[in-house]
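Read off the chains here:
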Amino acid sequence: MTLRPIIDLRTGRWQLILNPAVEMPLGRGGAIFAPAVRGVRQVSDIVWLGLEHYMDFGRFDRPEAPRGQAHQLFVTTDVKLTNRFALHVGLGHGLTHASDRWAGKVILSVDF
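Please read all numbers here as calculations on a predicted model, not as lab measurements.

Criteria and cut-off values
- Residues numbered from 1 in each chain as written.
- Predicted model: local features only at pLDDT ≥ 70, side-chain atom pairs only at ≥ 80, totals over all residues.
- Heavy atoms only, no water.
- Pairing = 2+ DSSP bridges.
- Helix = DSSP H or I, 4+ residues; strand = E, 2+ residues; numbered from the N terminus.
- Axes fitted to C-alpha atoms, helices over the stretch in contact; angles between N-to-C directions.
- Polar contact = N/O pair within 3.5 Å; in protein donor to acceptor, adjacent residues only side chain to side chain.
- Salt bridge = Lys/Arg side-chain N within 4 Å of Asp/Glu carboxyl O.
- Buried < 20%, exposed > 50% of the residue type's maximum accessible area, 1.4 Å probe, protein only.
- Phe/Tyr/Trp six-rings, centres within 6.5 Å; stacked < 30°, edge-to-face > 60°.
- Lys NZ or Arg CZ within 6 Å of the ring centre and 35° of its normal.

Trainee: Please clarify how the sheet that holds strand E8 (residues 70-80) should be interpreted in this entry.
Mentor: Sheets are built from strands that pair by backbone hydrogen bonding, the pairs being arranged parallel or antiparallel. Taken in spatial order, the seven strands of this open sheet run E2-E3-E6-E7-E8-E9-E10, and their pairing is antiparallel. Looking along the sheet, the strands with just one partner apiece sit at the ends: strand E2 (7-11) and strand E10 (102-110). The mean inter-strand angle of the sheet, taken between neighbouring strand axes irrespective of direction, is 15°. Pairing geometry for E8 and strand E9 (residues 85-94), over nine bridges, is antiparallel. Bridging across to E9, Thr 76 finds its partner in Gly 90.

Take a look at the structure:
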């Protein structure tokens, strides 16, 4: 289970999103602090470019040492396909040994 508040700051063509997420395993183990931050710039009426940083600092009661923390940096683009559909694509690279070396993501969003 994850508690993921969203703090969304916008000014002009810039957007900054902060997600101070807390993950709570349903089995054993304590709560994990796994925040994320996203910075985006609108480059046209339908295209946004951005950077996203996902972090995993480990459990609150036993945080990981820096070498055990996971940090992943993504380059992303969002394209508004129609008034209802948008596509989000990203390519990420791990910044620490505990991170995945490379990761990709694709999200198709639909507005109702």
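Trainee: How do you make sense of the side chain of His 88 when you look at a structure like this?
Mentor: Tracing the backbone through its elements, the reader meets His 88 in strand E9. A polar contact is formed between the side chain of His 88 and the side chain of Asp 78, at a distance of 2.7 Å. Of note is the side chain of His 88, whose polar atom sits 3.2 Å from the side chain of Lys 105.

Trainee: Please clarify how the pattern of salt bridges should be interpreted in this entry.
Mentor: When the charged atoms of two side chains with opposite charge come close together, those side chains can pair. Scanning all chains against the criterion turns up five salt bridges. Among the ionic pairs, Arg 38 bridges to Asp 78, the shortest N-O distance being 2.3 Å. Linking Arg 38 in strand E6 (residues 36-42) with Asp 78 in strand E8, this pair joins segments that are 40 residues apart in sequence. Grouping residues by exposure puts Arg 38 and Asp 78 together as buried. Between Lys 105 and Glu 52 there is a salt bridge, with the nearest N and O atoms lying 2.4 Å from each other. Of this pair, Lys 105 sits in strand E10 while Glu 52 sits in strand E7 (residues 47-56), and the two are 53 residues apart along the sequence. One exposure class covers both Lys 105 and Glu 52, and it is buried. Each of Arg 38, Glu 52, Asp 78 and Lys 105 takes part in a single network of salt bridges with overlapping partners.

Trainee: Just checking my understanding: could you explain the packing of aromatic side chains for this structure?
Mentor: For any pair of aromatic rings, the description rests on two quantities: the centre-to-centre distance and the angle between the ring planes. Scanning the entire structure with this criterion turns up three aromatic pairs. Ring centres of Phe 33 and Phe 57 lie 5.8 Å apart, and the angle between their planes is 20°; on these two criteria the pair is classed as stacked. Pair noted here: Phe 33 is in strand E5 (residues 32-33) and Phe 57 is in the loop between E7 and E8, with a separation of 24 residues, a long-range link. Exposure remark for Phe 57: the relative accessible area of 24% places this residue in the partly exposed category. Judged by centre distance (5.6 Å) and plane angle (85°), the ring pair of Tyr 54 and Phe 74 falls under edge-to-face. Placement of the pair is Tyr 54 in strand E7 and Phe 74 in strand E8, with a sequence separation of 20 residues. Classification of Phe 74 by relative accessible area gives buried; the value is 7%. Above the ring of Phe 74, the side-chain terminus of Lys 105 is found at 5.2 Å from the ring centroid.

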